[in-house]
Amino acid sequence: IRTVGGHVGVQLNYVSHEIVKEKPALPGLPSTFPGEEDCDTLILHLEDQTTGLTAELIYTTFEKVDVITRSVILKNTAEQPIYLTKVMSACLDLDCTDEKYDILTLHGSWGRERQMERRSLMHGKQSVGSVRGESSHQEHPFIALLSENATQDTGEVYGMHFVYSGNFLAQAELSQFDSIRMTMGIHPENFVWKLEQGESFAAPEVVMTYSSEGLSGMTHHYHDMYREHLIRGEYRDKKRPILINNWEATYFDFNTDKLLKIAKQASKLGIEMLVMDDGWFGHRNDDSTSLGDWKVNEQKLPGGLKLLVDQVNAMGLKFGIWFEPEMISPDSDLYREHPDWAISIPGRVGSLCRNQYVLDLSRKEVRDHAFESVAAVLHSTNIEYVKWDMNRQLSDLGSVELPADRQGELYHRYVLGVYELQERLLAEFPHLLLENCSGGGARFDPGMLYYSPQIWCSDDTDAIERLKIQEGTMLLYPLSTMGAHVSDCPNHALGRVTPFETRGHVALAGTFGYELDITKIPEEDRQQIPAQTAMYHKYNDLIRRGDYWRIASYLENGSYDCYMVASKDKKEALITYVQVLSRPNFHSRRVRLKGLSPENRYRIEETGEVLGGDVLMQAGMLIAPLWGDYRSRLIHLTEA
Ligand code: GLA
């Protein structure tokens, strides 16, 4: 903190504590919630008598999931204002002097999100973070401490994951006495929050977990936690409609006719929803214009949106639409009318990124306008899905409404503004399926998951690159949350050609859909779609609800990938095997399964062979080499 006198010392002493059988929500922030089972919350009340700052440290445990959540509420009880300059949401001290530890983080970039990276913890502070105003492509708001010998299924793992979508810091420090301190919270860079008398500040929640069963144990805790206690809404437990999105099919070059042709083909092949992506509004024919002008471009959609949606619905398809409500193009009516609605520093020309600025969502009138623009379109016709995009980081931080000593609040106020907007949207349209997105997967975080049960994983839809991206994502997130589509080849992100079947198998791990011009793809690919959509219906309940197990990692071995999902009752399992590069004269691979019951016997659907769960887990099964690169197999087991 900093006082008005410029002093920085703070000493929070214990006052009292209470334990309650509930979990208080955090004002304005996403947070995990109790289910039907019990949770216990310990609230420690602390006070700094000199400054009048009080703190509540809030810890919740859940009856059935092995996690502890932690957040902090700070309050100024004195007359003088207090400036908060650094608020970590969780701090964990580990007094472990004999063992060596590694840290695991998820690094990335556009098209290469959430790649797992493991390194030794050395003396000093090692951290990852974001100061981009969003959780970012580059680092993920997650850090885990692993005992040096920890593997996929053995050894100790301590995970911290932040339920927040803006700037963050995740840090581990090995001290001079070899103790370890892990911290997580809003990044202190450019952060100052003024607390007037009586005002409070709620720090976002951290979900902490401990596993003595390696990474798999940590993964299972996070998956169960998020499925039961973070994701909301009617789609949480439901199969999502198989969608076809026109982005990679047409980019900006589409009109009603083109979309209807795609919809017509799609409806015959088992696809259930058409999503119209970027380019339907203002005069947007490329990415240089019109963000903020959420009025239908009648040159592309003559007769308007309703006419299109009605025809799509008449074909038996739902309709979904793309928005980027947080943005404003300099070439827009909105910007010409309200140039001060963009985040900017007075007198300075702001940096453009993808030709756009960011709206100042700390301001109520700006939020109201953004909400009303989106709501008006959704009220105008039967729209059942929204892809909410966010295609640039924040820069040139300045808000015309904030006084000088509150400018440091803008990053966090922006995130609170996004949360408020999405909450309003869900309240107004409770049956809407929302998918968040940010230039692919730059805001794939537990904060956004509270509002949307699925998030677009990456703009890289290549099946082989996706193996790595999806492995890092599945490390923490339930498979039901990963937006994954079958796209066209050569792949638009990197030019690779993979079999249509493999693209389907890899997308099956996520929400499943298509992103290609179905009227133009080769006939032999199109013919596979009915079987693929049937495959989705056959396996999606298992994939959404089951336990995910990692068997082999292409990221690690450079040659093949294998993972499986086993049902909670251990009666059914689905194994996905992808051989990345073929090798001549090579032996079959032995794949040891996980998560089965050793007492059960399982029938392999493809061959009819029956094997014991103990055999499949201890001796494994042999997978013969597949003919060609980028080939894949699905293996389905049911109780015999
Ligand atoms: C982002 C998204 C894409 C697409 C484009 C549209 O990059 O990740 O899926 O919606 O924006 O401009």
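Preceding block: the structure.
Caption draft 1: Expanded view of the sheet that holds strand E35 (residues 631–639). Taken together, six strands build an open sheet; the order of strands is E28-E29-E30-E35-E32-E33 and the sheet is antiparallel. Here the strands that pair on one side only, and so sit at the sheet edges, are strand E28 (547–552) and strand E33 (610–612). Geometrically, the sheet is characterised by an average inter-axis angle of 25° between neighbouring strands, direction not taken into account. Pairing of strand E30 (residues 572–579) with E35 involves eight bridges; the strand directions are antiparallel. Its bridge partner lying in E35, Ile575 is registered against Ile635. Contacts from helix H9 (residues 463–474) reach E28, strand E29 (560–566) and E30 within the one sheet, and its direction differs from that of E28 by about 130°. On top of the sheet, helix H10 (residues 500–507) reaches E29, E30 and E35; it is set at about 50° to E35, its chief contact.

Caption draft 2: Main features of the packing of H9 against H10. Packing of H9 against H10 leaves a shortest axis separation of 9 Å and a crossing angle of 15°. Looking at the two axes, H9 sits roughly parallel to H10. Crossing of H9 over H10 shows left-handed handedness. Where H9 approaches H10, its residues Ala463, Arg466, Leu467 and Gln470 are matched on the opposing element by Thr502, Arg503 and Val506. Partitioned by chemical class, the residues of the contact of H9 with H10 number three nonpolar, two polar and two charged.

Caption draft 3: A look at the pairing of strand E5 (residues 67–76). Buried residues dominate E5, accounting for eight of its 10 residues. The pairing of E5 with strand E16 (residues 200–211) spans eight bridges and is antiparallel. The partner of Arg70 across the bridge, within E16, is Val206.

Caption draft 4: Layout of the sheet that holds strand E18 (residues 273–276). Taken together, nine strands build an open sheet; the order of strands is E25-E24-E23-E22-E19-E18-E17-E27-E26 and the sheet is parallel. Looking at strand neighbours, the two that pair on one side only are strand E25 (482–483) and strand E26 (486–487), the edges of this open sheet. As paired strands, strand E17 (residues 243–245) and strand E27 (residues 513–515) are joined by two bridges and run parallel to one another. Bridged to Ile244 within E27 is Tyr514. Here helix H3 (residues 256–268) sits on the sheet in contact with E17 and E18, set at roughly 155° to E18. Running over the sheet, helix H6 (residues 364–380) touches strand E19 (318–323) and strand E22 (385–388) and is turned about 165° from E19.

Calculation criteria
Residues numbered from 1 in each chain as written. Predicted model: local features only at pLDDT ≥ 70, side-chain atom pairs only at ≥ 80, totals over all residues. Heavy atoms only, no water. Pairing = 2+ DSSP bridges. Helix = DSSP H or I, 4+ residues; strand = E, 2+ residues; numbered from the N terminus. Axes fitted to C-alpha atoms, helices over the stretch in contact; angles between N-to-C directions. Contact = heavy atoms within 4.5 Å. Parallel < 35°, antiparallel > 145°, perpendicular 65-115°, else oblique. Left-handed = near helix turned anticlockwise from the far one by under 90°. Nonpolar A, V, L, I, M, F, W, Y, C, P; charged D, E, K, R; others polar. Buried < 20%, exposed > 50% of the residue type's maximum accessible area, 1.4 Å probe, protein only.

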